[in-house]
Structure formats: C-alpha cells, structure tokens
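Chain by chain, the residues:
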Amino acid sequence: MLRKPQLGLNKSNVEKTNSEKNKIEQVSLAGVGNAALGTLAVNMVSSLLVSEGNKPATKNDIKNLTSKLTSRYHPIKNIAQRADGSRAYYDMETQTYLYLIPQTK
C-alpha cells in the first residue's frame, strides 16, 4: 500500500503556531500602547522644559514673518517725528526713507 507523504504539519504544530501568533499580536498591541504613552509623556515634558525662544518655528510663524517683511513701508523708530506730526518710514521698494503724514479721521 502506498502512503501519502506527510507535510510535517500535524494538529499540535498548527495549535502551537496559532498560539504563538496570538502572543505576538498581544505583545505588539501592548507595545503600540506603551509607545504612544511614552511619546505623549516626552512631548509634555519637553513642552514644559523648553523655553519659547528655543522651540522650532511653525509654518504659521514663517508666514507671519514673511508678511511683515513684504510690506512696503516700515516705521523707523530712531528718527523723531517732524513738527507737522509725520513719522519716518523706510520704503522697501525705493530703499529710501520718507515721511508720511498720519491720516485723520
């Protein structure tokens, strides 16, 4: 009588494989939870300990800075007002300073 060759997988081997799979899945789920909690804790501590000046700039910070630098007229603070009340401004396009009279309402 001819016997069929066995593939080496019997019932006990299949049960071991399934139980090992479950162990790995349980460990990975716990590991993900632990990693999330660890990341949260590090972020909270670093936000408390790092001063505002040492934090990285955000896209919004850069956009605000760019909008300030792209405006044409910038006030010059170390030149006093004239007698008529006009203040000195630096013109970014012509690269000169000029006096602008404040608008009255």
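Residues numbered from 1 in each chain as written. Predicted model: local features only at pLDDT ≥ 70, side-chain atom pairs only at ≥ 80, totals over all residues. Heavy atoms only, no water.

(A) The arrangement of the pairing of strand β2 (residues 87–91) in detail. Note: strand β1 (residues 73–75) against β2, 3 bridges, orientation antiparallel. Along β2, the bridge assignment pairs H74 with Y90. Pairing analysis gives 5 bridges linking β2 to strand β3 (residues 96–100), with the strands arranged antiparallel. The partner of Y90 across the bridge, within β3, is Y97. The antiparallel pairing of β2 with β3 creates a hairpin that spans 4 residues between the two strands, and Q95 there sits at a positive phi of about 55 degrees. (Pairing = 2+ DSSP bridges. Helix = DSSP H or I, 4+ residues; strand = E, 2+ residues; numbered from the N terminus.)

(B) Examining the pattern of salt bridges more closely. Evaluation of the coordinates by the stated rule reveals 4 salt bridges. For R72, the salt bridge goes to E93, with nearest N and O atoms at 3.5 Å. One end of the pair, R72, is in the loop between α2 (59–69) and β1; the other, E93, is in the loop between β2 and β3, with 21 residues separating them in the sequence. Judged by its relative accessible area of 60%, E93 falls in the exposed class. (Salt bridge = Lys/Arg side-chain N within 4 Å of Asp/Glu carboxyl O. Buried < 20%, exposed > 50% of the residue type's maximum accessible area, 1.4 Å probe, protein only.)

(C) Highlighting the sheet that holds β1. In space, the 3 strands of this open sheet follow the order β1-β2-β3, with antiparallel pairing throughout. Each of the sheet's edge strands pairs with one partner strand only, and the pair in question is β1 and β3. Across the sheet, the axes of successive neighbouring strands diverge by a mean angle of 40 degrees, strand direction being ignored. (Axes fitted to C-alpha atoms, helices over the stretch in contact; angles between N-to-C directions.)

From the geometry alone we can't say anything about function, so treat these as descriptive.
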